[in-house]
Amino acid sequence: NKQVLLANRPHGWVQESDFSIVETDVPALKDGEVLVKNLYLSLDPYMRGRMNEGKSYAASTNLNEVMVGGTVGVVVESKNPDFQVDDMVLGYFGWQTYGISDSKGLGKINVTEQIPASAYLGVLGMPGLTAWVGLISIGQPKAGETVVVSAASGAVGSVVGQLAKAHGCYVVGIAGGKTKCDYVVNELGFDACVDYKAGHLVEDLTAATPNGIDVYFENVGGEILEAVLDRLNAHARIPLCGLVSQYNETNPHPVRNFGAFLINRVKLQGFIVGEHADLFPQAFQELGQLVASGKLKYRETVAEGLDNAPKAFIGMLKGENLGKQLVKLA
Ligand code: NDP
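The shown structure was predicted, so the numbers you read here are calculated from the model rather than taken from an experiment.

Draft legend 1. Spotlight on the sheet that holds strand β10 (residues 192-195). Across the sheet, which stays open at both edges, the six strands sit in the order β10-β9-β8-β11-β12-β13 with parallel pairing between neighbours. Pairing within the sheet leaves two strands with one partner each, and these edge strands are β10 and β13 (267-270). Neighbour-to-neighbour, the strand axes of the sheet open up by a mean angle of 15°, direction not taken into account. The sheet contact formed by strand β8 (residues 146-150) and strand β9 (residues 170-175) spans five bridges and is parallel. Considered in β9, the bridge of valine 147 is made with valine 171. Helix α4 (residues 178-187) contacts β9 and β10 of the sheet and is inclined by roughly 170° relative to β10. Along the sheet, helix α5 (residues 201-208) makes contact with β9 and β10, crossing β10 at roughly 175°.

Draft legend 2. Up close: the packing of α5 against helix α6 (residues 222-229). Two numbers describe how α5 lies on α6: the axes approach to 10 Å, and their chain directions differ by 45°. Of the possible angle classes, the one that applies to α5 and α6 is oblique. Here the hand of the crossing between α5 and α6 comes out right-handed. Touching Leu201, Val202 and Leu205 of α5 are Glu223, Ile224 and Ala227, all from α6. A per-class count over the contact of α5 with α6 returns five nonpolar, no polar and one charged.

Definitions and cut-offs
- Residues numbered from 1 in each chain as written.
- Predicted model: local features only at pLDDT ≥ 70, side-chain atom pairs only at ≥ 80, totals over all residues.
- Pairing = 2+ DSSP bridges.
- Helix = DSSP H or I, 4+ residues; strand = E, 2+ residues; numbered from the N terminus.
- Axes fitted to C-alpha atoms, helices over the stretch in contact; angles between N-to-C directions.
- Contact = placed C-beta atoms within 7 Å.
- Parallel < 35°, antiparallel > 145°, perpendicular 65-115°, else oblique.
- Left-handed = near helix turned anticlockwise from the far one by under 90°.
- Nonpolar A, V, L, I, M, F, W, Y, C, P; charged D, E, K, R; others polar.

Keep in mind these values describe shape, not function.
This is the structure we're talking about:
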């Protein structure tokens, strides 16, 4: 069993040397346990937070512990009557090629021609559910409103924008670079996309949101948040999902125009998707129908092999991914 461990707590940007790669034996199964061969590992921005010590909504990963993460895989041995060899499963085995579970937190997945196993880590997995919970339950978009989403081409943002379009909204993405913006508009069907790396964020966002902004799905923070705050309409809603531009910063960016929340009577709610499990059945059903019918599009960036996970993780935090970042393990 190959594993990636947390070797150092990074200060600022993560380095490949913050990880170590080891080989261990797979222990024999006890009664009730299942051995899973992991096929795909999900790489997600929240993992950067787990590398830190200190207060957060979840415990830190300890030094020399396996990095946490969602996985899909296949059962290769079972001493649990609920799981058979060859069952496809979604688990939380982390950055390793095999995992043993007592079946808690392990779920069977239905892989079909329209829905490949990897989709359960992206559009139909935690990121897709995050998009649904944040937009629908907190953002509450109404037809005709303007919805803006940052990290728009990514795993969460790409679903947010397409769901908002399905609700009849005018949808503007914010993403880094022309390739991502072209993808968001031409392939995902957003009305517009602002390339924040082009050098005129404020002017371009103003031009792209002639009627102001009613819902801002926040994924990044920093200067993008400030630019959005200046465009908010009265009674705007902000589902605060993530602040990825700040995760590797040693000096977080202060918000210049905090008064915009008061002036516009804004509702802002930070949320962690795992605390909204009551909404998952409805969200999963809606997302599944949209994916199976081809109405909800997605892309994946797939790194090959566990050895490349650290590099791919750092690349994702720098925006090198288009769509969901995965590692193919087998
Ligand atoms: P993505 O697939 O969107 O990948 C991360 C993206 O962040 C990069 O591709 C990059 O896109 C963007 N980014 C990185 N640095 C910056 C920067 N300085 N300024 C602006 N954009 C930047 O990841 P996810 O879709 O998985 O996650 C998106 C957000 O959602 C993250 O903040 C994550 O923490 C959050 N999240 C929160 C959850 C919750 O429960 N609250 C659950 C899941 C995700 P670009 O090239 O466009 O800059």
